[in-house]
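# Coordinate analysis (summary)
Here's the letter readout for the chains.
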Amino acid sequence: MHTKTLAVFLIFQITAFLFGQNDDSVRSQFEKDFQQIGEKYYFDSPDTAALLYKKNLTKAENIQMWDQYLHAIINLASVSSHLDSLRLLDAYLQAGQKVLEKHSSYILKYDSTGFLRSNFYYFQGRYYYELFNYREAIKSYKSIIDLPEIEKDSLLFFDTHVSIAQSALNMADFALAEHHFDLARSWVPREHPVYSAGRGFDYQMAFVNTQSGHVKFRQWEANKNSKAPTAAIDHYLKALELIKPLMNEKGSWSLVNAIYRSLSSCYLESNQPERAKQYLSKLIERPTRSVSDKVRNYIHASELYLRTGNLSRADEFINKALSVVKENYDPTHRYYGLINKQKAKKFIKEKNIDSALVALDRAEKFFVFGGGEGEIKVINNYEVLEIYSLRGDAYRLKDPEEAINWYKKTISLADRTSKDFLSWESRQYLSSDIYRVFENGITTLFDLQKDKEDVENWEDDLIYFFEKNRAIQLFNSVRDIEAVEAGILSKELYEKQQQFKSKIAFNKRQIEEGRSPEKHRLILDQLYADYEDFQRSLKEKNSSYEDWMPDAEMVTFNEVISEIKGSSSLLSFFWGEENVYCLELMDDRAELHLISETPTLQESLFQYLKLIRTPPENMGSVPEELYNKGNKLYELFSAASGVKDSKINSIIIIPDGPLSYLPFGALVSEKKKWLLERKSLYYSSAIRLLLKSTKSDNKATDLMKYLGFAPDYAVMDNQNFSGIRKDLSPLAYNNQEVKSVENILGGRIFTGREASEVNFNKYAENASILHLSAHAIVDNDNPNYSAVYFIDQTDSARHEQRFELDGALHLYELYNYQFNSELAVLSACETGFGRWARGEGVISLGRAFQSSGCPSVTMSLWNISDKSSSLIIESYFKYLNEGMAKDEALAMAKKDFLSDPANKYFKHPYYWSAFIVQGNAQPLSKAQNEIWYLVLGIVIIMGLYLGIRKSKNNRLISKKDI
């Protein structure tokens with residue numbers, strides 16, 4: 001749905017504007033004519049309006065009054081848009097472009113405020129929008145804002161930001177869409193002269209709510225973190241409430257249709273088909289103002305019946321849509337592409353594969369043009385992504401290996417598309433939006449497994465589908481740090497890039513929390529523009545950096561298997577919408593296991609997570625229910641042979657979906673034994689990241705060895721703290737924890753009031769080991785706002801600087817750090833917890849430390865016990881100092897805790913299983929260096945010994961010779 005508010009706005013506002021600015025009698029007559037035509041004929045007889053505008057066009061051309069010629073062109077473009085005639089709209093826009101180029105000086109003289117040109121650019125954007133060429137549409141709309149002389153009319157800027165947002169939404173750039181909808185909401189005027197034409201404030205707010213609902217729906221659709229898109233539905237219902245008094249007015253018909261279509265889609269996607277059909281019925285019964293609305297309604301109806309298996313009804317609506325398109329559009333219109341896509345879906349359902357492929361070939365031609373491979377230009381990436389994906393679905397039933405190729409082409413196109421997105425959120429949403437492609441690829445490879453010896457690159461393809469959509473932004477952050485270390489990207493440019501990310505997140509937070517939102521919207525808008533310029537400049541001026549960041553630095557099966565030790569097994573999970581799979585790599589082989597149907601595993605997993613994350617009611621006892629459910633999960637995962645294989649001592653876990661919240665060591669094996677007691681475990685966000693962490697050199701040894709922080713929250717009682725910080729309770733054991741570790745490793749600690757964010761900022765980048773024993777609070781709705789809390793507080797956040805230094809180290813602030821640590825130990829609540837995002841993983845504080853340079857992070861998955869965590873962490877550091885690998889050291893620390901009689905009341909997994917090691921599990925460099933010093937010392941001693949013996953022998957020989 002695209003707004004046509006400005007079309008009405010032009011008829012009245014331009015006339016009033018120009019009429020008031022010119023005393024010339026000829027121009028005055030033009031303005032009177034335009035205004036009278038608009039008021040009398042625009043809605044009731046648009047064809048008559050067009051005819052009369054043409055007469056004025058000819059008159060303006062004959063007397064060479066080019067500003068009025070352009071004015072007539074704009075009015076004709078408005079009527080063409082109103083009539084859904086892209087052919088006429090294109091013709092008038094071309095004529096207008098020629099006049100703008102040929103008579104630019106003349107038009108500038110009489111268009112001193114840029115009003116005519118801004119409205120011309122609007123219809124140019126609308127033309128591209130209707131062609132589904134959203135990228136070009138955004139360029140045209142932005143030309144309005146970029147006009148230096150433009151008068152900032154509130155309704156004009158409202159329409160412009162709405163139009164940019166709609167285009168961004170259709171490109172799947174959700175973050176950009178959300179930003180411009182937010183700007184549009186700030187511009188919508190409560191009163192305006194144009195409102196007398198029919199579309200007032202309530203209409204505009206209903207419209208914005210509808211569009212915001214689209215953003216919320218697409219965000220939910222991408223991650224599906226809840227059963228239904230509640231936020232989207234709330235926005236649509238609010239819009240419906242606002243528009244209700246205007247529902248029967250022609251000017252509101254398109255908006256009401258869009259709301260009903262959207263509500264129907266929400267319920268269809270959340271498996272509530274009957275509710276979806278209720279809104280479809282309302283939709284089909286309603287009158288439509290435009291041909292476009294009618295076509296979109298029929299296409300939606302066909303989709304609903306395809307999803308619910310009623311193929312005859314689906315076919316009926318496909319044919320209805322086709323009939324309307326044939327009657328009203330020329331044969332090149334993109335709607336033919338959409339209809340052919342719907343036909344292909346029906347043919348796939350009927351297993352009529354050849355017909356499906358023919359329909360997809362036809363559909364594709366409406367969204368791409370060009371020559372051979374590499375020369376094709378995609379007009380609408382989002383539509384082509386679905387066409388490629390559907391080709392894969394079709395070939396699954398005919399040629400599975402060709403299906404794999406098409407799924408990979410889909411992913412490759414998504415990669416290229418996301419490169420144009422500024423925000424990582426938009427990239428993540430697009431990655432998750434094609435998640436089904438990854439699941440279908442893995443399912444196809446699972447079906448091919450029995451014949452895998454005959455399938456070329458089966459193992460490599462398997463790793464591709466498991467890895468290509470895994471921790472994308474985290475991997476890119478690691479690559480950026482490597483680029484700085486390799487001298488490919490300057491430290492100044494890297495820091496500037498990170499500052500953009502942090503400042504954008506900061507200003508979003510200020511807007512959401514209502515702190516001078518108008519001010520921060522303007523700052524945010526400028527930041528987006530500056531960041532876009534920065535990214536463009538970085539690519540243009542630094543080609544070596546572009547080469548450094550390839551589309552996909554994928555690893556091969558041979559590369560992975562060569563890094564897995566004989567006593568280790570790697571388990572990488574894929575959490576699909578239908579099934580959960582496990583890729584097992586061990587003993588120079590790859591196996592793909594279907595663990596469970598997703599709903600079944602999800603129910604069992606959530607029940608178990610609730611049991612282990614909740615403190616027990618009866619101290620000292622572990623409920624039988626916990627043992628049973630833990631063993632049930634253990635048996636499911638035992639499909640991977642390494643779980644039970646006694647030869648396997650260490651398991652590397654690459655979790656996915658809700659499995660990211662499970663400490664696998666708390667699974668219950670035979671005879672009520674924890675898996676922890678049989679195996680050491682460590683985690684990684686992706687195989688690629690795991691290999692990078694194991695191959696990376698240890699950090700420089702000239703750094704401060706250890707840096708620990710233990711704030712004393714008791715001091716807050718006597719200070720003017722508010723909000724979250726006021727509720728932070730004192731930690732009884734954190735001071736003891738860091739002091740114990742200091743005794744083991746040396747280094748430096750900050751406790752009490754000295755444990756400030758200022759001191760963290762001053763020393764953290766120069767520490768080899770970072771240790772925070774503090775409070776942390778996770779924001780699941782906005783992961784960027786999760787924070788570790790220190791003692792400081794300032795009156796206002798200093799966002800002009802790199803760091804706020806207000807006592808709350810937010811996740812987004814960590815973008816500004818470049819740590820040199822080989823290990824970060826985050827002994828705080830839920831530092832490994834956060835919102836799971838498809839294609840990225842859990843957006844946690846621990847992940848942010850990795851993103852900023854820490855190859856290994858020890859973190860917690862829930863609100864931990866202060867005392868037990870302190871004991872485990874102290875023991876963990878003791879074993880690390882003795883030279884143990886990190887996973888082994890943590891396993892030993894937990895086993896010591898369980899075996900200590902003093903902890904007999906703390907056997908429940910809540911107390912000991914929350915901590916996990918993510919990333920590099922190798923021993924600390926200190927321990928490795930000591931081993932080398934020991935070896936070197938032995939070599940020197942042996943050398944001296946042999947030298948002395950040789951010397952003695954020489955002396956003996958000399959005496960004998962004498």
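By convention here, each chain's residues receive numbers from 1 onward along its written sequence. For a predicted model such as this one, the threshold for reporting local features is a pLDDT of at least 70, and the threshold for listing and counting side-chain atom pairs is 80 or more; totals across whole chains, interfaces and linings nevertheless cover every residue. Only hydrogens and water are removed before side-chain values are computed, so all heavy atoms of the structure are retained for them.

In the nomenclature of an unreviewed UniProt entry, the protein is known as CHAT domain-containing protein of Mangrovivirga halotolerans.

The next subject is the overall build of the protein. Counting its regular elements, the protein contains 39 helices and 18 strands. Buried means the residue's accessible area, taken with a 1.4 Å probe over protein chains only, is under 20% of the maximum for its type, while exposed means over 50%, and partly exposed covers the values in between. Looking at the 962 residues of the protein, the share that counts as buried comes to 60%. Here, residues are in contact when the closest pair of their heavy atoms is within 4.5 Å. Of the contacts formed within the protein by residues at least 6 apart in sequence, a portion of 73% connects residues at least 24 apart. A 1.4 Å probe and the Shrake-Rupley method give the accessible areas. Residues count as covered only by the protein chains that appear here. With the model as given, the accessible surface of the protein reaches about 39,800 Å², and the carbon-plus-sulfur share is 48%. Numbering of helices and strands runs from the N terminus; a helix is a DSSP stretch of H or I covering at least four residues, while a strand is a stretch of E covering at least two.

With that settled, consider helix α14 (residues 273-285). What a helix should span is 1.5 Å times the count of its residues minus one. With 13 residues, α14 extends 18 Å from end C-alpha to end C-alpha; this agrees with the ideal 18 Å at 1.5 Å per step. Buried within α14 we find Ala276, Tyr279, Leu280 and Leu283. Looking down the long axis of α14, one finds its buried residues gathered within 110° of arc, a one-sided arrangement. Summarising the geometry of α14, the exposed residues directed more than 90 degrees from the buried face are Glu274 and Glu285. Residues of α14 that are buried make contact with α12 (230-243), α13 (253-269) and α15 (291-307). The directions considered for the arc are those from the helix axis to the C-beta atoms.

Once that is clear, we can look at the nonpolar core. Counting residues in each nonpolar core, the largest one holds 290 residues, and the members touching the most others are Tyr608, Phe760 and Phe849. At 10 residues, the largest contribution of residues to this core is made by helix α11 (residues 201-223). If we ignore the near neighbours within four places in the chain, the residues touching phenylalanine 760 are Phe709, Leu770, Leu772, Phe790, Leu809, Tyr817, Phe819 and Phe849. To form a nonpolar core, buried Ala, Val, Leu, Ile, Met, Phe, Trp, Tyr and Cys residues must be joined to one another through side-chain atoms within 4.5 Å. Membership of the second largest hydrophobic core comes to 16 residues, among which are Ile481, Ala483, Ile511 and Tyr531.

As a further point, take the environment of isoleucine 654. Position of isoleucine 654 among the secondary structure elements: in strand β6 (residues 650-654). Taking the relative accessible area as the measure of exposure, isoleucine 654 reaches 0% and is therefore buried. Between the C-alpha atoms of isoleucine 654 and serine 572, which are 82 residues apart in sequence, the distance is 4.4 Å. Setting aside chain neighbours within four positions, we find isoleucine 654 in contact with Arg470, Leu570, Leu571, Ser572, Phe573, Ser684, Ser685, Ala686 and Ile687.

Take the side chain of serine 262 next. By the secondary structure assignment, serine 262 is in helix α13. What qualifies as a polar contact is a pair of N or O atoms within 3.5 Å, subject to a donor-acceptor requirement within protein and to the restriction that residues adjacent in sequence count only when both atoms come from side chains. A distance of 2.7 Å separates the side chain of serine 262 from the backbone oxygen of alanine 258, its partner in a polar contact. Look past the residues within four positions of serine 262 in its chain and what remains in contact with it is His214 and Tyr236.

We now examine the packing of helix α3 (residues 46-62) against helix α4 (residues 66-82). Close contact between α3 and α4 brings their axes to 9 Å; oriented N to C, the two are set at 160°. With respect to each other, α3 and α4 are oriented roughly antiparallel. In the packing of α3 onto α4, the handedness of the crossing is left-handed. Here Pro46, Ala49, Ala50, Tyr53, Lys54, Leu57, Ala60 and Glu61 of α3 lie close against α4, whose contacting residues are Trp66, Gln68, Tyr69, Ala72, Ile73, Asn75, Leu76, Val79 and His82. Here an angle of 0 to 180 degrees is reported between the N-to-C directions of two axes, which are lines fitted to C-alpha atoms, with helices fitted over the stretch in contact. The scheme is simple: roughly parallel for angles under 35 degrees, roughly antiparallel for over 145, roughly perpendicular for 65 to 115, oblique for anything else. Two helices that cross are described as forming a left-handed crossing if the nearer one is turned anticlockwise from the farther one by less than a right angle, and a right-handed crossing if clockwise.

Here the focus is the environment of aspartate 461. Secondary-structure assignment places aspartate 461 in helix α23 (residues 458-467). Considered as a pair, aspartate 461 and asparagine 405 are 56 residues apart in the sequence and their alpha carbons are 9.7 Å apart. The residues contacting aspartate 461, other than those within four sequence positions of it, are Ile404, Lys408, Leu445 and Glu456.

Its 13 residues give helix α8 (residues 134-146) an end-to-end C-alpha distance of 18 Å, which sits within 8% of 18 Å, the value for a rise of 1.5 Å per residue. Three or more residues of α8 are buried, namely Tyr134, Ala137, Ile138, Ser140, Tyr141 and Ile144. Each buried residue of α8 lies within a common arc of 165° when the element is viewed along its axis, so the set occupies one face. Residues of α8 that are buried in the fold lie against α7 (115-130), α9 (154-170) and α10 (174-187).

Another aspect to go through is the pairing of strand β10 (residues 767-773). Of all 7 residues in β10, 7 are buried, a share of seventy percent or more. Here a strand pair is declared whenever DSSP counts at least two bridges between the two strands. As judged from the 5 bridges shared by strand β8 (residues 704-711) and β10, these two strands associate in the parallel manner. Each residue of the ladder has a partner; that of leucine 707, found in β10, is leucine 770. In this sheet, strand β14 (residues 823-827) lies alongside β10 in parallel orientation, the contact comprising 5 bridges. When the sheet's bridge partners are listed, histidine 771 is paired in β14 with valine 825.

All right, on to the packing of aromatic side chains then. Only centres within 6.5 Å qualify two rings of Phe, Tyr or Trp (six-membered ring in Trp) as a pair; their planes then separate them into stacked at under 30 degrees, edge-to-face at over 60, and tilted for everything else. Scanning the model with the defined rule gives 48 aromatic pairs in all. Arranged with centres 6.2 Å apart and planes meeting at 70°, the rings of phenylalanine 466 and phenylalanine 574 form a pair that is edge-to-face. Of the two residues, phenylalanine 466 is situated in helix α23 and phenylalanine 574 in strand β3 (residues 568-575); the sequence distance between them amounts to 108 residues. Assessed through its relative accessible area of 1%, phenylalanine 466 is described here as buried. Look at phenylalanine 574 and you get buried, because its relative accessible area is 3%. Aromatic rings pair up to connect Phe709, Phe750, Phe760, Tyr763, Phe790, Tyr817, Phe819 and Phe849 into one cluster. Here, over-ring charges are defined by two tests on the NZ atom of lysine or the CZ atom of arginine: distance to the ring centre within 6 Å, and angle to the ring normal within 35 degrees. For the cation-ring pair, arginine 391 lies above tryptophan 406, with the distance from its terminal atom to the ring centre recorded as 4.5 Å. Against the face of tyrosine 879 rests lysine 878, its NZ or CZ located 4.5 Å from the ring centre.

As summarised here, the arrangement of the 3 strands in space is β11-β12-β13, forming an open sheet in which the pairing is antiparallel. Every interior strand has two partners, whereas the edge strands, β11 (775-777) and β13 (808-810), have only one. Across the sheet, the mean angle from the axis of one strand to that of its neighbour is 25°, orientation sign disregarded. Inspection of the sheet shows strand β12 (residues 787-789) paired to β13 by 3 bridges, in the antiparallel sense.

Moving on to the pattern of salt bridges. For this document, the term salt bridge refers to a Lys or Arg side-chain nitrogen within 4 Å of an Asp or Glu carboxyl oxygen. For the coordinates displayed, the defined rule picks out 45 salt bridges. The residue arginine 479 makes a salt bridge to glutamate 482 at a minimum N-O spacing of 3.3 Å. With arginine 479 and glutamate 482 both in helix α24 (residues 472-485) and 3 residues apart, this pair spans about one turn of that helix.

Together, Asp399, Glu401, Asp451, Glu453, Asp454 and Glu456 line one region of the surface with negative charge. Positionally, glutamate 401 belongs in helix α20 (residues 400-418). Taking the relative accessible area as the measure of exposure, glutamate 401 reaches 38% and is therefore partly exposed. Within the patch definition used here, like charges are joined within 9 Å and nonpolar side chains (Val, Leu, Ile, Met, Phe, Trp, Tyr) within 5 Å, considering only residues with over 30% relative accessible area and no salt bridge. None of His or the chain ends enter the tally, which takes Lys and Arg as positive and Asp and Glu as negative. Note that the charge is assigned to NZ on lysines, CZ on arginines, CG on aspartates and CD on glutamates.

Trans peptide bonds make up most of the peptide bonds, and negative phi angles are found at most residues other than glycine. A positive phi angle, close to 60°, is found at asparagine 271, a residue other than glycine. Following the sequence through the fold, asparagine 271 ends up in the loop between α13 and α14. Classification of asparagine 271 by relative accessible area gives exposed; the value is 69%. Phi at leucine 805 is positive, roughly 55°, even though this residue is not glycine.

Here the focus is the packing of α10 against helix α26 (residues 517-541). For the pair α10 and α26, interaxial distance at closest approach is 11 Å and the crossing angle is 140°. With respect to their mutual orientation, α10 and α26 come out oblique. For the crossing formed where α10 meets α26, the hand is left-handed. Side by side, α10 and α26 meet where Ala175, His179, His180, Asp182, Leu183 and Ser186 of the first sit next to Glu518, Arg521, Leu524, Asp525 and Tyr528 of the second. Residue polarity is assigned by list, with Asp, Glu, Lys and Arg as charged and Ala, Val, Leu, Ile, Met, Phe, Trp, Tyr, Cys and Pro as nonpolar; anything else, Gly included, falls into the polar class. For the contact of α10 with α26, the per-class residue count stands at 4 nonpolar, 3 polar and 4 charged.

With respect to the element layout, aspartate 656 can be found in the loop between β6 and β7 (680-683). Within polar-contact distance, the side chain of aspartate 656 engages the side chain of tyrosine 435 at 2.7 Å. Filtering out sequence-adjacent residues up to four positions away, aspartate 656 remains in contact with Tyr435, Arg470, Phe573, Phe574, Trp575 and Trp836.

Confidence of the predictor at the level of single residues is given by pLDDT, which spans 0 to 100. Of the residues in the protein, 89% reach a pLDDT of 70 or more, and the chain-wide mean stands at 87. Every residue in residues 795-800 is under pLDDT 50, and counting partners more than four places away or in other chains gives 10 contacts. With pLDDT under 50 throughout, residues 950-962 is counted as low confidence; its partners more than four residues away or in other chains account for 0 contacts.

With 5 of 5 residues buried, β14 lies mostly within the body of the structure. With burial as the criterion, each face of β14 is covered, one bearing Leu823, Val825 and Ser827 and the other bearing Ala824 and Leu826. Of the pairings in the sheet, the one linking β14 to strand β17 (residues 856-860) comprises 2 bridges and is parallel in character. Within β17, the position partnered with alanine 824 by the bridge is valine 857.

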